[in-house]
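Structural overview
Chain residues, written in single-letter form:
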Amino acid sequence: MATAAVKENDVVSPPAIVVENLVTHYGEREILKGISLQIQAGEILVIMGGSGSGKSTLLRSLLGLLRPSAGSIHILGTDITTLDQHEFRKLRRKTGVAFQGGALFGSMTVGENLQLPLREHTRLDENTMRIMTRMKLEFVNLAGFESLMPAELSGGMTKRAALARAIIMDPKLLFFDEPSAGLDPVSAVELDHLILKLRKAMNTTIVVVTHELQSAFGIADRIAVLDNGELLVTGTVEEIRQSNNPRVQGLLNRQPREETLSAAEYMDRLTSYIVD
Amino acid sequence: MPKAVTQILEQVGRKTVAWVEELGYAAAIFFESTYWIFRGRKVTQPVRLSAIFQEAAEIGVHAIPIVSVLTFTVGIMLAIQGIATLKTFGAESKVILGIALSVTREFSPLIVSILVAGRSGSAIAARIGTMVESQEIDALRVIGISPIRYLAAPLLIAMLIMVPALTILGNFMGLLGGAVYAVSEMQISLATYAERTLEVLVVDDIRQGLIKSVVFSVVIVLVGLINGFQVKGGAEGVGRATTRSVVMAISLILVTDMVFTYFMNR
């Protein structure tokens, strides 16, 4: 069902995100080693990988929070690596982000959190904003929680409120950082359902970064597996399951990655700290 | 070259680079804030007035009691020391001049700034640091809101208004404190004391203090901000940034005070 939707979209709309040869560094260390990736409009793509795989760095690059050392990132047709602050702001109206910990503003109520993007980007009157807030909270099953402070919400509620804030501007593109991390199984599944419902309702392109296999298989149209800063494979859930790439299989079967070092490399590593 | 020497040189080099980097970061925040303050309205992203008022209340209004008490105390202390010292020359009457000048030129701006650095500078570092850790700063940026416009610029404006305002209050309370003690010690009336204070005080003395307080307010805000924005390492990191911002702000206040005093009294 999901793949059919993607195929239809393939014909009519250009890809939502095109990443080409993306390289990023943290200090001297190379984190992403030349990643190329296309995300079609209307699809749910899950970027999967263990910790240290570079998936968070890839997400931060896609969000424009981290400047890459090389390569390009086209989002909805614009290269974000060359945009200035004001142009980027226009693009921001079409994208939403739900952060791992929610990142709701602690000094504002849930309602005010949702209204902040509206206040910044639109000139809607208070009543319209209130109605929109109510609608989005309704969507994530949090209607009536407008006046609560973020600190008063449970983990699952925080994530749902963050999702509501992310979709308040009806974005074309939604990013999700570790939706199920830190949630009990029921809340995690609930959130996965919300993501699917959202795509169905608004045909939003959704990029999810996660290390949770179950969640990834449950929601993804396609999965991109990242390991050690490289993109191992991209494919449908079935293709990933059947992949014979040992590192992919290792990840699926929760096997730790074995480091293959030659004897010389090993000696070199041991002695590299010694200064004559 | 011996190993110890190269190590020391390397350390000094690293520290210097880190300092220059931080200075550059502070300058960038300052210039970006002024950009938003003057240009924000034109690009339909004004600095929020409500935030300025809120910060001003927190930085200034809530500090009124403690500033009053401390500057009053310093005034009394100056009077006690002044009278005791000048007595040896039989020149107690000169104490009025001493109190007037030292309060307005030095003590009031200094005490107020140190107090604000401790109260609000640390709070800035802690608040921004917590926001960095909880990804609220990232959230602002992805919504399309510049954290500098949204958070830094209102703080800068509020601080630039409130520290000089508190300094004026400090001037008054310091002089009053000095007067209360001196009047009883020298057997003159409060009216006479006030009259003679006004005779010796010139506009330049007040201005000197106020110019310093403006410089100190910029120092306090920027130190709080750079420490907050650079937080790493969870709650412990926030704690470290808070402490560092207080120590750094007070040290910088004292050093800049010395430099300004030197140049303004030549």
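About the cut-offs
- Residues numbered from 1 in each chain as written.
- Chains lettered and ligands numbered in written order.
- Predicted model: local features only at pLDDT ≥ 70, side-chain atom pairs only at ≥ 80, totals over all residues.
- Pairing = 2+ DSSP bridges.
- Helix = DSSP H or I, 4+ residues; strand = E, 2+ residues; numbered from the N terminus.
- Axes fitted to C-alpha atoms, helices over the stretch in contact; angles between N-to-C directions.
- Contact = placed C-beta atoms within 7 Å.
- Buried ≥ 20, exposed ≤ 12 C-beta atoms within 10 Å, placed from the backbone.
- Parallel < 35°, antiparallel > 145°, perpendicular 65-115°, else oblique.
- Left-handed = near helix turned anticlockwise from the far one by under 90°.
- Nonpolar A, V, L, I, M, F, W, Y, C, P; charged D, E, K, R; others polar.
- Expected span 1.5 Å × (residues − 1).
- Arc of directions from axis to C-beta.

Another aspect to go through is the sheet that holds strand S7 (residues 173–177) of chain A. By definition, the strands of a sheet pair up through backbone hydrogen bonds, in either a parallel or an antiparallel sense. All names here are of chain A. Ordered by their spatial adjacency, 6 strands build an open sheet running S6-S7-S8-S3-S9-S10, and the pairing between neighbours is mixed. With one partner strand each, in any of the chains shown, strand S6 (95–98) and strand S10 (230–236) form the two edges of the open sheet. Neighbour-to-neighbour, the strand axes of the sheet open up by a mean angle of 15°, direction not taken into account. Relative to S7, S6 runs parallel, the two sharing 4 bridges. Across the sheet, residue Ala-98 finds its bridge partner in S7, namely Phe-176. Running at roughly 170° to S6, helix H6 (residues 155–166) makes contact with S6 and S7 of the sheet.

Attention now goes to the sheet that holds strand S1 (residues 17–26) of chain A. Strand order in the open sheet formed by 4 strands is S2-S1-S4-S5 (chain A), and the pairing between neighbours is antiparallel. For this open sheet the edge positions go to strand S2 (29–39) and strand S5 (78–79) of chain A, each flanked by a neighbour on one side alone.

On to the environment of A:Ala264. Residue and element names in this part refer to chain A. With respect to the element layout, Ala-264 can be found in helix H11 (residues 263–271). Among the residues examined, Ala-264 registers 8 C-beta atoms within 10 Å and is labelled exposed. Taking the C-alpha atoms as reference points, Ala-264 and Leu-174, 90 residues apart in sequence, are found 46 Å from one another.

Residue and element names in this part refer to chain B. Two numbers describe how helix H3 (residues 64–87) lies on helix H6 (residues 147–186): the axes approach to 7 Å, and their chain directions differ by 40°. In terms of their interaxial angle, H3 and H6 are classed as oblique. You can see that H3 and H6 cross each other, and the crossing is right-handed. Looking at the contact of H3 with H6 residue by residue, the classes come out as 17 nonpolar, 8 polar and 1 charged.

Once that is clear, we can look at helix H5 (residues 126–139) of chain A. All names here are of chain A. For H5, with 14 residues, the first-to-last C-alpha span of 20 Å sits near the 20 Å given by 1.5 Å per residue. Taken as a whole, H5 has its buried residues at Thr-133, Lys-136 and Leu-137. Viewed end-on, H5 has its buried residues packed into an arc of 100°, placing them on one side of the element. Relative to its buried face, H5 has exposed residues pointing more than 90 degrees away, namely Asn-127, Thr-128, Ile-131 and Glu-138. Buried residues along H5 sit against helix H4 (110–121) and H6. Among the residues trailing H5, Asn-141 stands out with phi positive, at a value near 60°.

Here we come to the interface of chain A and chain B. Every contact between the two is made by 16 residues of chain A and, on the other side, 12 residues of chain B. Put simply, the parts of the chain that give the side of chain A that touches chain B at least two residues each are helix H3 (85–92) and H4 of chain A. The class makeup of the residues in the side of chain A that touches chain B is 8 nonpolar, 4 polar and 4 charged.

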